[in-house]
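This is what each chain is made of:
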Amino acid sequence: KQEVTQIPAALSVPEGENLVLNCSFTDSAIYNLQWFRQDPGKGLTSLLLIQSSQREQTSGRLNASLDKSSGRSTLYIAASQPGDSATYLCAVRRGMDSSYKLIFGSGTRLLVRP
Amino acid sequence: DAGVIQSPRHEVTEMGQEVTLRCKPISGHDYLFWYRQTMMRGLELLIYFNNNVPIDDSGMPEDRFSAKMPNASFSTLKIQPSEPRDSAVYFCASKGQLNTEAFFGQGTRLTVV
């Protein structure tokens, strides 16, 4: 059974700091991995999606990496800003031949202090 | 496009009452997903549809839960009878055939007292 774990559960950093959020999964047979952002009381916004054949994806100040063999992904946020404060969730989709079910981690709650 | 639209945004109901949550997916998307988010269990997929047909309902917790998609632009998630442990935020998401990612609605916060 696929399990997704995110560490740390919460993180508080001063503005401008570079930071790394971690995601690990127990079954390496994934189709892709996705990072989401969730603001309080809001839905999820997709940030980056990495296919199983890819090693990383970049969007602006965000960079996500994937090491499928070790069951790990990281989300790197450069030069953090107060507006980055949110909960960040990673989710894995199982293999191509199974359903579109996403297995989510419990998230990392990020606070960027001005 | 307005994105995935869910209604109501908030629902408070008494135990035993029927609750109906509604979702309008993004036009042209042929996959629709219902998720539930709680503090204890995080985000869990309840059911998803492809071309209005339920494909995987293994996440539906009990027979009290049912979901329908009568057409490509509308889906409902019904709980009958509701119980306090059903209190959660329920998200709807949709995705197109070619899109690799799903787009989420704002969610419905359900409180059963």
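From a predicted model like this one, the values you see are computed outputs, not experimental measurements.

Calculation rules
- Residues numbered from 1 in each chain as written.
- Chains lettered and ligands numbered in written order.
- Predicted model: local features only at pLDDT ≥ 70, side-chain atom pairs only at ≥ 80, totals over all residues.
- Heavy atoms only, no water.
- Pairing = 2+ DSSP bridges.
- Helix = DSSP H or I, 4+ residues; strand = E, 2+ residues; numbered from the N terminus.
- Axes fitted to C-alpha atoms, helices over the stretch in contact; angles between N-to-C directions.
- Buried < 20%, exposed > 50% of the residue type's maximum accessible area, 1.4 Å probe, protein only.
- Contact = heavy atoms within 4.5 Å.

> Explain the sheet that holds strand E7 (residues 62-67) of chain A here, please?
By definition, the strands of a sheet pair up through backbone hydrogen bonds, in either a parallel or an antiparallel sense. Residues and elements named next belong to chain A. Read across the sheet, 5 strands follow the order E1-E3-E8-E7-E6 without closing on themselves; strand pairing throughout is antiparallel. Here the strands that pair on one side only, and so sit at the sheet edges, are strand E1 (4-7) and strand E6 (56-59). The mean inter-strand angle of the sheet, taken between neighbouring strand axes irrespective of direction, is 15°. Bridging between E6 and E7 involves 4 bridges; their strand directions are antiparallel. Residue Ser59 lies in a different strand from E7, and its bridge partner there is Leu62.

> Just checking my understanding: could you explain the sheet that holds strand E7 (residues 65-71) of chain B for this structure?
All names here are of chain B. Pairing within the open sheet is antiparallel, and its 4 strands lie in the order E1-E3-E8-E7. Sheet topology places strand E1 (5-7) and E7 at the edges, where each strand pairs with a single neighbour. Ignoring which end each strand starts from, the neighbouring axes of this sheet average 20° apart.

> Looking at this structure, how should I read the side chain of Thr13 of chain B?
Residue and element names in this part refer to chain B. Among the structural elements, Thr13 can be located in strand E2 (residues 10-13). In this structure Thr13 comes out as buried when scored by relative accessible area, which is 9%. If near-sequence neighbours (up to four positions away) are discounted, Thr13 is found in contact with Val19, Ser82, Leu110, Thr111, Val112 and Val113.

> What is the right way to look at unusual backbone geometry in this model?
Keep in mind that most residues, glycine aside, have a negative phi and that most peptide bonds are trans. Residues and elements named next belong to chain B. The peptide bond linking Ser7 to Pro8 adopts the cis configuration, its omega dihedral lying at -10°. Mapped onto the secondary structure, Pro8 falls in the loop between E1 and E2. In this structure, the amide linkage connecting Gln80 to the following residue, Pro81, adopts the cis form with an omega of -5°. As for its position among the elements, Pro81 is in the loop between strand E8 (74-79) and strand E9 (88-95). The backbone of Asn51 shows a phi angle near 50°, a positive value even though the residue is not glycine. Residue placement: Asn51 occurs in the loop between strand E5 (42-50) and strand E6 (53-56). With a phi angle near 75°, Asn52 is a residue other than glycine that sits in the positive phi range. Structurally, Asn52 can be placed in the loop between E5 and E6.

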